[in-house]
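The residues making up each chain are set out below.
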Number of protein chains: 2
Amino acid sequence: MAASLEKSGFLTHIRTNRSRLSPCYRPMVVTMVRNQSYCVSNEVEIKEYLKKALPIRPPFSVFEPMHHLTFTAPRTKAPVLCIAACELTGGDRSRALAAAAAAALHLMHAATFTHENLPVTDRPRPKPEVPHKFGPNVELLTGDGIMPFGLELLARSMDQAQNDPDQILRVIVEITRAIGSQGMIDGRYRELEMDLSQENTGRVMDYVCEKKKVELHACGAACGAILGGGDEVEIEKLRKYGDYVGMIHGMLNGIGKNKEGLIEEKTERLRILALKELEIFKGKNVLISSLCSA
Amino acid sequence: MAASLEKSGFLTHIRTNRSRLSPCYRPMVVTMVRNQSYCVSNEVEIKEYLKKALPIRPPFSVFEPMHHLTFTAPRTKAPVLCIAACELTGGDRSRALAAAAAAALHLMHAATFTHENLPVTDRPRPKPEVPHKFGPNVELLTGDGIMPFGLELLARSMDQAQNDPDQILRVIVEITRAIGSQGMIDGRYRELEMDLSQENTGRVMDYVCEKKKVELHACGAACGAILGGGDEVEIEKLRKYGDYVGMIHGMLNGIGKNKEGLIEEKTERLRILALKELEIFKGKNVLISSLCSA
């Protein structure tokens with residue numbers, strides 16, 4: 001997949017936006033915070049939240065695989081984007097609001113990752129080997145259990161006095177759409193069709209990446225902005241920022257290994273576009289800007 | 001499974017409740033409405049709601065299997081219980097409120113049914129053959145798409161002016177719990193363990209039936225009562241009523257074929273217990289009572 005991506009039109013988006021970069025592009029006001037500790041500390045916070053929410057308890061046959069598959073699924077930047085966007089739009093007091101949504105985003109990703117790696121009988125080409133601690137039936141069931149658990153966690157967060165139920169419902173709609181039949185599922189279908197036809201066109205590959213990876217990041221940032229009480233302009237700016245962050249990390253994880261110089265140039269352009277989306281927050285402590293660095 | 005159920009202790013619940021039936025049991029005030037058309041008309045209403053919510057539209061590769069698997073999944077009484085309980089607690093004006101929740105309940109059941117019948121490689125004993133229109137990968141993906149769609153549908157119903165977002169969030173918690181790791185998923189795990197060990201004990205079989213079938217009915221009735229604005233006593237009475245309805249229909253669909261006389265006697269006892277739960281609604285038009293008939 002990495003090699004194919006390199007040949008693909010995955011970067012069409014950057015090319016179409018190149019005109020925004022020069023020659024009339026003005027220097028940005030927002031300075032990129034390169035402090036990676038912000039990202040790490042948020043990731044630790046989300047992990048701790050999940051550990052409390054999902055202890056290994058009876059029935060062990062259910063919760064042990066749930067715990068294992070939740071914590072071994074690879075991390076994305078979507079949950080951190082959610083917390084950071086909430087903090088940016090709502091200030092310090094809002095950090096806690098986004099914890100349940102950030103946890104739900106990771107759980108949705110973990111459920112999808114688990115099901116994507118099931119040895120289903122008619123998969124035309126095997127995916128790269130993922131170590132399986134449990135049998136396919138248990139992994140199927142566990143993915144089915146993780147998904148509603150994530151949304152339950154979010155719906156239950158209404159119990160916190162400061163939470164607005166309308167905002168939580170809006171976030172549930174955002175997340176279910178991002179992981180559903182017009183989001184992540186659509187991407188997984190197209191990928192399957194691509195595997196069956198054995199034709200990898202750049203356009204289809206772009207579409208699959210957008211649906212499977214990028215949109216979850218955009219959703220994460222938008223959810224954080226909604227919970228932080230951001231206005232519609234702020235929500236859409238942060239959604240777009242999340243979109244760029246998703247593209248940057250997708251590129252770095254997928255095709256960044258061989259032609260480092262080329263990838264670096266392209267991700268740098270995406271970073272400039274990403275930071276431009278944050279300009280409306282001029283004067284605030286825009287810690288979220290560190291998430292578009294490598 | 002039907003034969004094993006016969007030997008099992010599935011009916012322990014009735015036996016333990018027998019003392020409540022006689023000799024001090026007083027004649028019930030609520031008369032059972034035996035009009036099946038109430039149930040049928042509600043089922044038609046839910047189907048129409050789902051048809052509008054889930055048209056076959058592009059991308060067809062996604063929506064055609066979603067549509068097919070949603071409408072071919074066997075029906076349960078849980079969605080009808082939801083509408084009927086909402087109508088009972090909230091009057092005519094509340095009927096529409098429960099449509100999204102009823103549709104969500106059917107969608108959760110359809111997603112589970114789809115995944116339960118996947119030909120996963122390590123299933124110890126094959127389930128009874130279910131016709132498959134699509135390959136395992138598409139069915140896996142479709143189940144993954146149906147589940148969030150049901151919850152999105154419910155969360156989106158906040159847009160209707162008369163809906164209370166707190167009630168909708170409470171219903172989301174109810175449904176995600178019923179289908180999640182302490183509800184339906186727990187039952188599916190136990191069933192898998194039972195299949196692996198090839199030991200069917202009555203107690204485990206009871207537990208599996210309770211988790212996989214009965215609790216969804218109880219959840220349906222409770223959700224309807226919540227959306228209808230019922231108080232906590234009414235919600236719990238209707239939850240218990242839904243529980244009995246789930247047991248009755250579980251028995252009739254599972255073991256009612258061979259020893260009709262015995263089953264009839266047992267379901268009749270369950271009906272009496274079920275109707276007892278409705279006594280607090282004396283004086284109202286208790287159409288929901290028809291749902292505990294065969």
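These figures come from a predicted structure and were not determined experimentally. (Residues numbered from 1 in each chain as written. Chains lettered and ligands numbered in written order. Predicted model: local features only at pLDDT ≥ 70, side-chain atom pairs only at ≥ 80, totals over all residues. Heavy atoms only, no water.)

Visitor: I'm lost on the overall build of chain A in this one. Help?
Guide: When you go through chain A residue by residue, the secondary structure sums to 12 helices and 0 strands. Seen in sequence order, chain A has helices and strands lined up from the N terminus as α-α-α-α-α-α-α-α-α-α-α-α. For chain A, with 294 residues in total, the buried portion stands at 58%. Summed over its atoms, the accessible surface of chain A is roughly 12,200 Å², and 54% of this surface lies on carbon and sulfur atoms. (Helix = DSSP H or I, 4+ residues; strand = E, 2+ residues; numbered from the N terminus. Buried < 20%, exposed > 50% of the residue type's maximum accessible area, 1.4 Å probe, protein only. Areas by Shrake-Rupley, 256 points an atom, 1.4 Å probe, with all protein chains shown as cover.)

Visitor: Sorry, what's going on with the nonpolar core here?
Guide: One recurring pattern in soluble globular proteins: nonpolar side chains tend to sit buried together. One finds Ile-175 and Ile-288 of chain A together with Ile-175 and Ile-288 of chain B to be the most contacted residues of the largest nonpolar core, which totals 161 residues. Setting aside chain neighbours within four positions, we find Ile-288 of chain B in contact with Tyr-38, Leu-81, Ala-84, Ala-85, Leu-88, Leu-238, Tyr-241 and Leu-278 of chain B. Listed in part, the 6 residues of the second largest apolar core include Val-120 of chain A together with Leu-118, Val-120 and Leu-140 of chain B. (Core = buried A, V, L, I, M, F, W, Y, C linked by side-chain atoms within 4.5 Å. Contact = heavy atoms within 4.5 Å.)

Visitor: Looking at this structure, I do not really get the relation of the copies chain A and chain B. What am I missing?
Guide: A rotation about an axis combined with a shift along that same axis relates the two copies of the chain. By a simple turn and slide, chain A fits onto chain B: the slide is 0.0 Å along the axis, the RMSD is 0.0 Å, and the turn is 180 degrees. Here the transformation between the copies is reduced to the relation of a two-fold axis. For chain A, the smallest separation between a C-alpha atom and the rotation axis is recorded for Pro-165 of chain A, amounting to 2.8 Å. A shared binding surface is used by both copies, with 100% of the interface residues of chain A retained as interface residues in chain B. (Least-squares fit on C-alpha atoms with pLDDT ≥ 70 in both.)

Visitor: Can you help me understand the pattern of salt bridges in this one?
Guide: Working definition: two side chains of opposite charge can pair if their charged atoms are close together. Residue and element names in this part refer to chain A. As enumerated under the stated definition, the model contains 34 salt bridges over all chains in all. For the salt bridge of Glu-152 with Arg-156, the shortest nitrogen-to-oxygen distance reads 3.1 Å. Taken together, the residues span about one helical turn, with Glu-152 and Arg-156 both in helix α7 (residues 136-156) at a distance of 4 residues. On the accessibility criterion, Glu-152 (10% relative accessible area) is buried. Using a relative accessible area of 31% as the deciding quantity, one classes Arg-156 as partly exposed. A single network of salt bridges, built from pairs that share partners, joins Glu-43, Arg-75 and Lys-77. (Salt bridge = Lys/Arg side-chain N within 4 Å of Asp/Glu carboxyl O.)

Visitor: Teacher, can you tell me more about the environment of Cys-82 of chain A here?
Guide: All names here are of chain A. Here Cys-82 lies in helix α5 (residues 78-90). Taking the C-alpha atoms as reference, Cys-82 lies 6.5 Å from Ala-98; in sequence the two are 16 residues apart. Residues within four places of Cys-82 in sequence aside, it is in contact with Ala-98, Ala-101, Ala-102, Leu-105, Gly-220, Ala-221, Cys-223 and Gly-224.

Visitor: Please clarify how the packing of helix α8 (residues 165-179) of chain A against helix α10 (residues 202-227) of chain A should be interpreted in this entry.
Guide: Two quantities define a packed helix pair, namely the angle between the axes and the distance from one axis to the other. Residues and elements named next belong to chain A. At a minimum axis distance of 10 Å, the contact between α8 and α10 shows a crossing angle of 180 degrees. Taken as axis vectors, α8 and α10 run roughly antiparallel relative to one another. Judged by residue contacts, Gln-167, Arg-170, Val-171, Glu-174, Ile-175, Ala-178 and Ile-179 of α8 engage Leu-216, Cys-219, Ala-222, Cys-223, Ile-226 and Leu-227 from α10. Partitioned by chemical class, the residues of the contact of α8 with α10 number 10 nonpolar, 1 polar and 2 charged. (Axes fitted to C-alpha atoms, helices over the stretch in contact; angles between N-to-C directions. Parallel < 35°, antiparallel > 145°, perpendicular 65-115°, else oblique. Nonpolar A, V, L, I, M, F, W, Y, C, P; charged D, E, K, R; others polar.)

Visitor: Explain the packing of α7 of chain A against helix α8 (residues 165-179) of chain B here, please?
Guide: Between α7 of chain A and α8 of chain B, the least distance of the axes is 9 Å, while the angle of their chain directions is 150 degrees. Between α7 of chain A and α8 of chain B, the angle is such that the two are roughly antiparallel. Where α7 of chain A crosses over α8 of chain B, the two elements pack in a sense that is left-handed. Note on element contacts: α8 of chain B touches α7 of chain A through Leu-169, Ile-172, Val-173, Thr-176, Arg-177 and Ile-179 of chain B, opposite Pro-148, Leu-151, Glu-152, Ala-155 and Arg-156 of chain A. In terms of residue class, the contact of α7 of chain A with α8 of chain B is made up of 7 nonpolar, 1 polar and 3 charged. (Left-handed = near helix turned anticlockwise from the far one by under 90°.)

Visitor: When you look at the interface of chain A and chain B in this model, what are you seeing that I'm missing?
Guide: Often the size quoted for an interface is simply the accessible area lost on bringing the parts together. Counting residues at the interface gives 50 residues for chain A and 50 residues for chain B. Together, the buried faces of chain A and chain B total about 4,600 Å²; carbon and sulfur atoms form 67% of this surface. At the surface where chain A touches chain B, the tally comes to 4 salt bridges. One can count 10 residue pairs in polar contact (both at pLDDT 80 or more) joining chain A with chain B. For the side of chain A that touches chain B, the elements supplying multiple residues, two or more each, are α4 (60-72), α7, α8 and α9 (184-197) of chain A. Looking at which element gives the most residues to the side of chain A that touches chain B, the answer is α7 of chain A, with 14 residues. The residue inventory of the side of chain A that touches chain B, partitioned by class, reads 26 nonpolar, 11 polar and 13 charged. (Buried area = accessible area lost by both parts, 1.4 Å probe. Polar contact = N/O pair within 3.5 Å; in protein donor to acceptor, adjacent residues only side chain to side chain.)

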